[in-house]
Amino acid sequence: MRFVSPHAWGLQWRLRLQTSITLLEEHFGLEKEAIVANAPGRVNLIGEHTDYNGGYVLPFAIDRFTSVALRPRTDRHMHIYAAAFDETFEASLPFDSASPTGTWRDYPIGILLELKRQANLSFGFDAIITGNVPLGAGLSSSASLEVALALSLSKLYGIELEDLELVKLCQHAENEFVGTQSGIMDQYASLLAHDRSAILLNTTSLEHRYIPLELGDMALLVVNSGVQRELASSGYNDRRRECQEALRLLQEAMPEQKMRALSDLGLDDLPQLEHTMPETLMMRARHVVEENERVLEMVNALEHDDLRTAGKLLFASHASLRDLFQVSTKELDFLVDWGRAHGALGARLVGGGFGGATLHLVGQNQAADYAQKIAVAYRKTFGLTATTIEVRPSPGARARATKKISH
Ligand code: GLA
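Residues numbered from 1 in each chain as written. Predicted model: local features only at pLDDT ≥ 70, side-chain atom pairs only at ≥ 80, totals over all residues. Heavy atoms only, no water.

I'd like to hear about the overall build of the chain, residue by residue, with values.
On a plain count of helices and strands, the chain comes out with 11 helices and 13 strands. Residues counted as buried form 58% of the 407 residues belonging to the chain. A sequence separation of at least 24 residues applies to 73% of the contacts in the chain between residues at least 6 apart. Entry remark: accessible area of the chain is about 16900 Å², with carbon and sulfur atoms responsible for 49%. (Helix = DSSP H or I, 4+ residues; strand = E, 2+ residues; numbered from the N terminus. Buried < 20%, exposed > 50% of the residue type's maximum accessible area, 1.4 Å probe, protein only. Contact = heavy atoms within 4.5 Å. Areas by Shrake-Rupley, 256 points an atom, 1.4 Å probe, with all protein chains shown as cover.)

Structure follows, in structure tokens:
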């Protein structure tokens, strides 16, 4: 059931009904074949802020994509049209150097700078970016853009990349050029997700296992608070620094333990930590350790079809993100509390926090009513629009070359 049409997400993706190829033709003319890559956004079921602490995460890809369609040019120019902003970025390749602009242009520049280390970008291209992943909603619109760009451009320049190399290349572009110190989860999920499954990823070993996500008569809804957050400028990097500092203090206090990451700690270690670090850092570390444990409990619950326990874990995760990691907002708390009071089995904020969306586990037959009523309550309280979509675990990113386009 789709009870909220894609355009309910607003005007961000204003040309969404046209495929990227149609747009490519419209903007840059027909001719030759095109390379098209589609990369999905993701929802993280549980395991928030654990991926840069060596812990577990359990994301799944959603059926919302960023799409890049491109064609080579015979000169060195590149033209990239971003439908969401109705803007074209023009430059000449290869870049010698570039500085971040704080706009969407940083993603193609960051990815091209990474690819330039592997190949001589001796010719230019025309490209179109379209998609329907809501921006700034905690659904990884950025990672899906990076993965779609890296897949299509590596194909264009004949650069062979293993899956993990491509994931790391995208993460590196985001960390080094865009300026968000994000972990590896989002790019990993966008590329490697499987239909009807979540990925249990160990972010220390980078090994993963697919966990079937069959919900029976339940549905997963994403309710967007409409309050956008920009990771690069939010408290995300601060949280990452705090975790590094907590780790450094622990390594100093307990050198014999040879800790590599906060996720090396277990629940039993928590009482001893109190004397090693200030209270705020202690709260951050406690969240990471307990959230890591919740991921494994969630896997166990899913493997036993125990959605009640799964729901409780979602609520517990939210409480920890609100009280210990302190990345929630009053809008996100409202949506989660509303869910608890109106029959959701579980709900929590998804992604980095500081705005964005919440995930709700509700009965399928209750979903349409739930979406409508939560929007009414939210508007009454904040005067803002909360839009809801149902999300389903979907396959990861793919690139293909189209046949010659004839007219
Ligand atoms: C953002 C980052 C991820 C992860 C989450 C929080 O989505 O990109 O790497 O850290 O926040 O779990």
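That was the structure; now back to the text.
Which residues make up the pattern of salt bridges, and what values go with them?
Scanning all chains against the criterion turns up 20 salt bridges. The partner of Arg73 in a salt bridge is Asp75, and the shortest N-O contact between them spans 2.8 Å. Take Asp75: its relative accessible area is 28%, and that puts it in the partly exposed class. Across the pair Glu87 and Arg105 runs a salt bridge, and its minimum N-O distance is 3.1 Å. Residue Glu87 is found in strand S5 (residues 87-92), and its partner Arg105 is found in the loop between S5 and helix H2 (106-116); the two are separated by 18 residues along the sequence. (Salt bridge = Lys/Arg side-chain N within 4 Å of Asp/Glu carboxyl O.)

Pulling in residues and values, what's your account of the site of the ligand?
In the vicinity of the ligand lie 13 residues, with Glu48, His49, Asp51, Asp186 and Tyr236 positioned nearest. Glu48 is positioned with one of its side-chain polar atoms (N or O) 2.7 Å from an oxygen atom of the ligand. Asp186 has a polar side-chain atom sitting 2.6 Å from an oxygen atom of the ligand. Protein coverage of the free-state accessible area of the ligand, which is 310 Å², stands at 98%. Grouping the amino acids of the shell around the ligand by side-chain chemistry returns four nonpolar, five polar and four charged. Counting contributing residues per domain, the shell around the ligand is built from domain 1 (6-213 + 396-402) and domain 2 (218-391), each supplying no fewer than three. (Near = heavy atom within 4 Å. Polar contact = N/O pair within 3.5 Å; in protein donor to acceptor, adjacent residues only side chain to side chain. Nonpolar A, V, L, I, M, F, W, Y, C, P; charged D, E, K, R; others polar. Domains from an automatic or database assignment.)

With reference to specific residues and values, describe the packing of helix H10 (residues 330-341) against helix H11 (residues 367-382).
Where H10 meets H11, the closest approach of the two axes is 11 Å, and the angle between their N-to-C directions is 140°. Classified by the angle their axes make, H10 and H11 are oblique. The handedness of the crossing between H10 and H11 comes out as right-handed. Residues Lys330, Glu331, Phe334, Leu335, Trp338 and Gly339 of H10 pack against Tyr370, Lys373, Ile374, Ala377, Tyr378, Thr381 and Phe382 of H11. Class assignment of the residues belonging to the contact of H10 with H11 gives a composition of eight nonpolar, two polar and three charged. (Axes fitted to C-alpha atoms, helices over the stretch in contact; angles between N-to-C directions. Parallel < 35°, antiparallel > 145°, perpendicular 65-115°, else oblique. Left-handed = near helix turned anticlockwise from the far one by under 90°.)

Go over the pairing of strand S4 (residues 77-82) with me, naming the residues and quoting the values.
Taking burial as the measure, the six residues of S4 include five buried ones, the bulk of the element. Summarising the sheet, S4 and S5 pair through six bridges and their orientation is antiparallel. The residue bridging Tyr81 from the neighbouring strand is Thr88, located in S5. Here S4 hands over to S5 after four residues, with Asp86 in that stretch at a positive phi of 50°. Two strands pair when backbone bridges link them, and S4 and strand S6 (residues 125-131) are joined in this way by five bridges, in the parallel orientation. Within S6, the position partnered with His79 by the bridge is Asp126. (Pairing = 2+ DSSP bridges.)

Distances and angles like these do not, on their own, reveal function.
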